[in-house]
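Descriptive structure summary
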Amino acid sequence: EDPELLAAFEARVAADDFIEPKDWMPDAYRKTLVRQISQHAHSEIVGMLPEGNWLTRAPSLRRKAVLLAKVQDEGGHGLYLYCAAETLGTSREDMIDALHSGKAKYSTIFNYPTLTWADIGAIGWLVDGAAIMNQVPLQRTSYGPYARAMVKVCKEESFHQRQGYEIMMAMANGTPEQKAMAQDALNRWWWPSLMMFGPPDANSPNSAQSFRWRIKRDSNDDLRQKFVDITVPQADYLGLTVPDPAVTWNEVKGGYDFGEVDWEEFYAVVRGEGPTAKERLKARREAWDNGAWVREAADAHEAKRRARLAA
Ligand code: 3HC
């Protein structure tokens, strides 16, 4: 690559400029953004499946309406992010192919089953809580379309987190059986939520370049620590116990010490060995195939519209 162009690019990034689609950018910058944004979008779309499982089983009309709104939001976040990735020259078909073929990743968190209604509370509270932690800094990521997409996503994510915590409060203050369900959901979702921040900094192959090009502004471990520091008091308030006996306040650090994530489990689920990985990809392939007629109809409609304009 032209060293002058590269130097000018790096100076702009260092000056906190936003890089826009028509700007010159190193191929590696484009490539890593397509990687991260498309996988972020895949995570949003696959993330609709675990919660979708409870739309027809919600305990009240209000809970059903709130969950419907959240699942619709996630779909919107996915489409928003696919569009942001397309500004880098990739196509929707290429990204979807990469997901369906297993070449592209999506967040491991969505490969765990939603066994009870309390899981819907734990997902909103912990998964969307972790997503907020990770997405707020991305509002200032160096690629303009990605940063701007994050502004809207973060506003909606806060509603997702609050509705989840409200479900956990209702159950933690409910019958002993409901409180036990809330504790069981916390036990099953706590560690997979910590894995959402990625591997330890010492083993994060993309971090160095993502930091240099200001795609990433906080490290995986720093955001994980921030999430623990905010979430442990929220569990205490619910009267629930985080399933990590090593959690203790460290006055010197001004944060909680906590136990080691099971990285074996993490890499196994990243490899596609998660409990529901096969169902998730099967559901996505089927949705894509069953929705082909909608895409064909939209294409035909657009062709007619263009023909009318050209006539
Ligand atoms: N699940 C699956 N793969 C993961 C992962 C996870 N929890 N954490 C890391 N990985 C993958 C990375 O994608 C990378 O693989 P790749 O090079 O093939 O893409 C590899 O593990 C090494 O990780 P790195 O730390 O080197 O990768 P990054 O620098 O990209 O950091 C990240 C990982 C923090 C997830 C970063 O990609 C990121 O911030 N992505 C945007 C946010 C995002 O995708 N969040 C996922 C959940 S979306 C969500 O929660 C929506 C909400 O509505 C529920």
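Residues numbered from 1 in each chain as written. Predicted model: local features only at pLDDT ≥ 70, side-chain atom pairs only at ≥ 80, totals over all residues. Heavy atoms only, no water.

Before going further, it helps to spend a moment on helix α7 (residues 144–172). Spanning 29 residues, α7 covers 42 Å between terminal C-alpha atoms, matching the ideal 42 Å at 1.5 Å per step. Helix geometry: α7 is bent most strongly at Val-153, by close to 25 degrees. (Helix = DSSP H or I, 4+ residues; strand = E, 2+ residues; numbered from the N terminus. Expected span 1.5 Å × (residues − 1). Bend = angle between axes of the 7 residues up to and from the residue.)

Glancing now at the site of the ligand. Neighbouring the ligand are 31 residues, the closest being Glu-74, Lys-105, Ser-204, Asn-206 and Lys-216. Side-chain polar atom of Gln-39 to an oxygen atom of the ligand: 2.9 Å apart, as the coordinates give it. If the ligand stood free it would expose 1000 Å²; the protein chains cover 89% of that surface. Looking at the shell around the ligand, the elements with two or more residues in it are α2 (27–46), α6 (117–135), α7 and α11 (263–273). Here the shell around the ligand is composed, by residue class, of 13 nonpolar, 11 polar and seven charged. (Near = heavy atom within 4 Å. Polar contact = N/O pair within 3.5 Å; in protein donor to acceptor, adjacent residues only side chain to side chain. Areas by Shrake-Rupley, 256 points an atom, 1.4 Å probe, with all protein chains shown as cover. Nonpolar A, V, L, I, M, F, W, Y, C, P; charged D, E, K, R; others polar.)

What follows is about a negative patch on the surface. On the surface, a cluster of negative charge is contributed by Glu-93, Asp-94, Asp-97, Glu-296 and Asp-299. When residues of the negative patch are traced back to their parent elements, those giving at least two are α5 (92–100) and α13 (292–310). In terms of residues, the negative patch owes the most to one element, α5, which gives three residues. The topology assignment puts Glu-93 in helix α5. (Patch = residues over 30% accessible without salt bridge, like charges linked within 9 Å, V, L, I, M, F, W, Y side chains within 5 Å. Salt bridge = Lys/Arg side-chain N within 4 Å of Asp/Glu carboxyl O. Lys, Arg positive; Asp, Glu negative; His and termini not counted. Charge placed at Lys NZ, Arg CZ, Asp CG, Glu CD.)

Take His-42: it is sitting in helix α2. When residues no more than four places from it in sequence are discounted, the contact partners of His-42 are Gly-47, Tyr-82, Met-95, Ile-96, Leu-99, Ala-104, Lys-105 and Tyr-106. (Contact = heavy atoms within 4.5 Å.)

This part covers the confidence of the model for the protein chain. When pLDDT is averaged along the protein chain, the result is 97, and 100% of the positions lie at 70 or above. Among the prediction metrics, the complex's ipTM stands at 0.98, with pTM recorded as 0.96. (pLDDT = per-residue confidence, 0-100.)

Below, the discussion takes up the packing of aromatic side chains. According to the stated counting rule, one finds 13 aromatic pairs in the structure shown. Ring centres of Phe-9 and Trp-24 lie 6.1 Å apart, and the angle between their planes is 80 degrees; on these two criteria the pair is classed as edge-to-face. Highlighted residues: Phe-9 in helix α1 (residues 3–14) and Trp-24 in the loop between α1 and α2, separated in sequence by 15 residues. An aromatic cluster is present here, built from Phe-9, Trp-24, Tyr-29, Tyr-143 and Trp-213 joined pairwise through their rings. The ring of Trp-213 is capped by Arg-212, whose NZ or CZ atom sits 5.0 Å from the centre of that ring. (Phe/Tyr/Trp six-rings, centres within 6.5 Å; stacked < 30°, edge-to-face > 60°. Lys NZ or Arg CZ within 6 Å of the ring centre and 35° of its normal.)

Time to look at unusual backbone geometry. In this structure, Asp-16 is a non-glycine residue whose phi angle is positive, near 65 degrees. Here Asp-16 shows up in the loop between α1 and α2. The phi dihedral of Arg-214 falls on the positive side, at around 50 degrees, and the residue is not glycine. Following the sequence through the fold, Arg-214 ends up in the loop between α9 (207–212) and α10 (220–238).

A few words on the environment of Pro-59. Among the secondary structure elements, Pro-59 is positioned in the loop between α3 (48–52) and α4 (61–86). Classification of Pro-59 as exposed rests on a relative accessible area of 56%. Sequence spacing of Pro-59 and Lys-70 is 11 residues, and the spatial spacing of their C-alpha atoms is 16 Å. (Buried < 20%, exposed > 50% of the residue type's maximum accessible area, 1.4 Å probe, protein only.)

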